[in-house]
Amino acid sequence: MIRDGMIAFLACLLTVACTPDSPRLVAPNQIDVDSIPLPLADTLADAAHGETLFVSRDGGHCVLCHQVAGLDAEFQGDVGPALTGIGSRLSPGQLRLRVVDYELVQPGVLMPSYYRIHDLYQVSDAHEGKPVLSADDVEDLVAYLSSLKETDA
Ligand code: HEC
């Protein structure tokens with residue numbers, strides 16, 4: 001009896017997990033606690049391009065909410081925490097997960113999910129089915145953020 005109940009419960013769980021949904025760009029087995037340990041792209045990451053994406057309006061426009069001491073950008077917002085020295089506090093895998101989909105760290109966060117296409121709202125037709133950033137872009141940003149080390153001033 002208990003066994004039958006268990007099977008019914010598991011079948012129900014499976015149904016929920018298998019409900020048709022937009023595809024996931026990052027499979028659950030790529031995620032390890034709060035990190036995506038392996039790169040999303042094979043190409044060599046370009047930290048300088050990551051910095052450009054961080055600042056530019058067409059890229060991540062991360063400066064809208066984040067400051068980095070010493071960064072050459074006119075406007076830097078403070079909705080999110082300053083990312084000065086973030087490369088000393090978070091591993092590349094932790095940074096990758098946060099750029100990909102911060103919702104996985106903190107549901108309801110104001111920070112956009114930059115590499116996700118499932119469960120998105122208010123997506124314009126032109127952007128439907130496309131993540132904000134490509135896998136290469138995410139890697140370039142991870143390389144840039146990792147390079148921001150705390151210095152003993
Ligand atoms: C609309 C505002 C917004 C934008 C745009 C934004 N973020 Fe964030 N970000 C936040 C907030 C808010 C948090 C803090 C969440 C929390 O409390 O954990 C955060 C947290 C982070 C963290 C973790 C910081 C820490 O100290 O743990 C990283 C790394 C990060 N953001 C990187 C980025 C990058 C890279 C971009 C651009 C691709 C970006 N963010 C764009 C709002 C934003």
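Computed from a predicted model, the values in this text were never measured in an experiment. (Residues numbered from 1 in each chain as written. Predicted model: local features only at pLDDT ≥ 70, side-chain atom pairs only at ≥ 80, totals over all residues.)

**With respect to the overall build of the protein chain**
What counts is decided by this rule: Numbering of helices and strands runs from the N terminus; a helix is a DSSP stretch of H or I covering at least four residues, while a strand is a stretch of E covering at least two. Working definition of burial: number of other C-beta atoms within 10 Å of the residue's own, with buried at 20 or more, exposed at 12 or fewer, and partly exposed in between, all C-beta atoms being placed from the backbone. In this description, any two residues whose backbone-derived C-beta atoms lie within 7 Å of each other are considered to be in contact.
Assigned secondary structure in the protein chain consists of five helices and zero strands. Traced from its N-terminal end to its C-terminal end, the protein chain shows the element sequence α-α-α-α-α. For the protein chain, buried positions account for 24% of its 153 residues. In the protein chain, of all internal contacts separated by at least 6 residues, the share reaching a separation of at least 24 is 61%.

**Points about the nonpolar core**
What counts here: By convention the nonpolar core is taken to be a set of buried residues drawn from Ala, Val, Leu, Ile, Met, Phe, Trp, Tyr and Cys and joined through C-beta atoms within 7 Å.
With 25 residues, the main nonpolar core has Val99, Val100, Val138, Leu141 and Leu145 as its most contacted residues. Those elements that provide at least two residues to this core are helix 2 (47-55), helix 4 (92-101) and helix 5 (135-146). Looking at this core element by element, the count peaks at six residues for helix 5. Apart from residues no more than four positions distant in its own chain, Val99 is found in contact with Tyr114, Tyr115, Val138, Leu141 and Val142.

**Some points on the site of the ligand**
We apply this condition: Note on definitions: a residue is near a molecule or strand provided its C-beta atom, placed from the backbone, lies within 6 Å of it. When residues are grouped by polarity, Ala, Val, Leu, Ile, Met, Phe, Trp, Tyr, Cys and Pro land in nonpolar, Asp, Glu, Lys and Arg in charged, and all others, Gly among them, in polar.
Near the ligand, the surroundings consist of 24 residues, among which Gly60, Cys62, Cys65, Gly80 and Met111 are the closest. At the level of secondary structure, the elements contributing two or more residues to the shell around the ligand comprise helix 4 and helix 5. The greatest single-element share of the shell around the ligand, amounting to three residues, is contributed by helix 4. Per-class residue counts for the shell around the ligand are 18 nonpolar, five polar and one charged.

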